[in-house]
Amino acid sequence: MRTQLLVATMFLAIASMAQTADPQKPAVQQVAKSKEDLAKMKPEMTEFWDPEVAIVTPGQLPSDAPSDAIVLFDGTQESFNANWTNAKGEPSNWTVANHCVTVVKGGGIIRSKIELEDFQLHVEWRTPAEVIGESQGRGNSGIFLQARYELQVLDNYQNRTYRNGQAGSIYKQYAPLVNACKKPGEWQTYDVIYTAPRFKADGTVFSPARVTVLQNGVLVQNNISLFGHTEYIGIPKYAAHGAAPLELQDHGNPVSYGNIWVRKL
Ligand code: MG
């Protein structure tokens, strides 16, 4: 971000030197009024070295947490207790076993202790191998971004439901671009790029939340603008908020979650 600001500042400075600023032309062209001026430019005049780009060491696999990620669940009870509570802020009774945590019907949502604004999120999830129910009743859970905006988790492998409520949807707002579901019982991934909404002092929206989602490496949401927080009945609308946690939904089905990590942006 700093480098982008630096570049933008530099070009603005060049543009301000131009006697007649033409927004249709790149700033360099405005300063260099002739081919001769352009010819005097050297490559290093548009090369920026500082500040050096921060180094992040990637995981062995793209799904592994990179060095600057905050690991919210690594398959252990210790990690679960350290990072998640139930809706009351108490330890959750969801079951941790076999390197994953599974929804316990009636246990309610789980909520991350960390509160987030903009982030990159990786979540591994699995719907039950034993197929029970249909439509919204099969392997339903969900990831509530900033505790408000649901990225649907559902078993939609050969299971039709309303398109804006299936896996990869932002529930009741945006259907996924494609159905990239694996078979029930197989591990799946979501990789999410989330930009929090911004609000004016009077509480109205300055800029909406934006979301990009890849499911199993397939793009299913492409930088969409949300209409507000998720509503089961009614029209989504915004209520001003700041940093907020993640929540995973208890919809009564034993959906499991594996590795979860996040990078603050
Ligand atoms: Mg759901």
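A. Expanded view of the overall build of the protein chain. A count of helices and strands for the protein chain gives four helices and 15 strands. When contacts within the protein chain are restricted to residue pairs at least 6 apart in sequence, those whose partners lie at least 24 apart make up 60%.

B. Spatial organisation of the sheet that holds strand β7 (residues 141-145). In space, the five strands of this open sheet follow the order β2-β5-β14-β7-β8, with antiparallel pairing throughout. The strands lining the two open edges of the sheet, one partner per strand, are β2 (84-86) and β8 (149-153). Examined bridge by bridge, β7 and strand β14 (residues 247-248) share two bridges and lie antiparallel to one another. Paired with Ile143 across the two strands is Leu248, which belongs to β14.

C. The arrangement of the pairing of strand β6 (residues 119-126) in detail. Relative to strand β9 (residues 188-195), β6 is paired through seven bridges, and the arrangement is antiparallel. Its bridge partner being in β9, Glu124 is matched across the sheet by Thr189. Pairing between β6 and strand β15 (residues 256-264): seven bridges, direction antiparallel. Each residue of the ladder has a partner; that of Arg126, found in β15, is Ser256.

D. Geometry of the environment of Gly242. With respect to the helices and strands, the residue Gly242 is situated in the loop between β13 (218-225) and β14. With 9 C-beta atoms counted inside 10 Å, the residue Gly242 sits in the exposed group. Sequence-wise, Gly242 and Leu116 are 126 residues apart; in three dimensions their C-alpha atoms are separated by 8.5 Å.

E. How the structure looks around the pairing of strand β12 (residues 210-215). Side-chain alternation along β12 places Val211, Val213 and Gln215 on a buried face and Arg210, Thr212 and Leu214 on a face that remains uncovered. Here five bridges tie β12 to β13, and the two strands are oriented antiparallel to one another. Across the sheet, the residue bridging to Leu214 is Leu219, located in β13. Hairpin geometry of β12 and β13 is characterised by an intervening segment of two residues between the two adjacent antiparallel strands and by a positive phi of about 55 degrees at Asn216.

F. Quick look at unusual backbone geometry. Note that the residue after Asp50, namely Pro51, is joined by a cis bond; omega there is -5 degrees. In this structure, Pro51 sits in the loop between α3 (35-40) and β1 (70-73). Positive phi is not limited to glycine here, since Asn98 has a value of about 55 degrees. We classify Asn98 as exposed; it has 10 C-beta atoms within 10 Å. Of note, Gln146 is a non-glycine position whose phi angle comes to about 50 degrees, a positive value. With respect to the element layout, Gln146 can be found in the loop between β7 and β8.

G. Inspection of the nonpolar core at higher detail. Judged by nonpolar contacts, the single largest core of 41 residues is most densely connected at Ile143, Leu145 and Val211. At the level of elements, β1, β6, β7, β8, β9, β12 and β15 are the ones that each hand at least two residues to this core. Element by element, the count of residues in this core is highest for β15, at four residues. Apart from the residues within four sequence positions on either side, Ile143 is in contact with Val123, Leu151, Val153, Tyr190, Leu246 and Leu248.

H. Focus on the environment of Lys105. Mapped onto the elements, Lys105 comes out in the loop between β4 (100-102) and β5 (110-112). Residues Lys105 and Asn253, 148 residues apart in the sequence, show an inter-C-alpha distance of 6.5 Å. Here Lys105 is in contact with Asp250 and Gly252, once residues within four sequence places are set aside.

About the cut-offs
- Residues numbered from 1 in each chain as written.
- Predicted model: local features only at pLDDT ≥ 70, side-chain atom pairs only at ≥ 80, totals over all residues.
- Helix = DSSP H or I, 4+ residues; strand = E, 2+ residues; numbered from the N terminus.
- Contact = placed C-beta atoms within 7 Å.
- Pairing = 2+ DSSP bridges.
- Buried ≥ 20, exposed ≤ 12 C-beta atoms within 10 Å, placed from the backbone.
- Core = buried A, V, L, I, M, F, W, Y, C linked by C-beta atoms within 7 Å.

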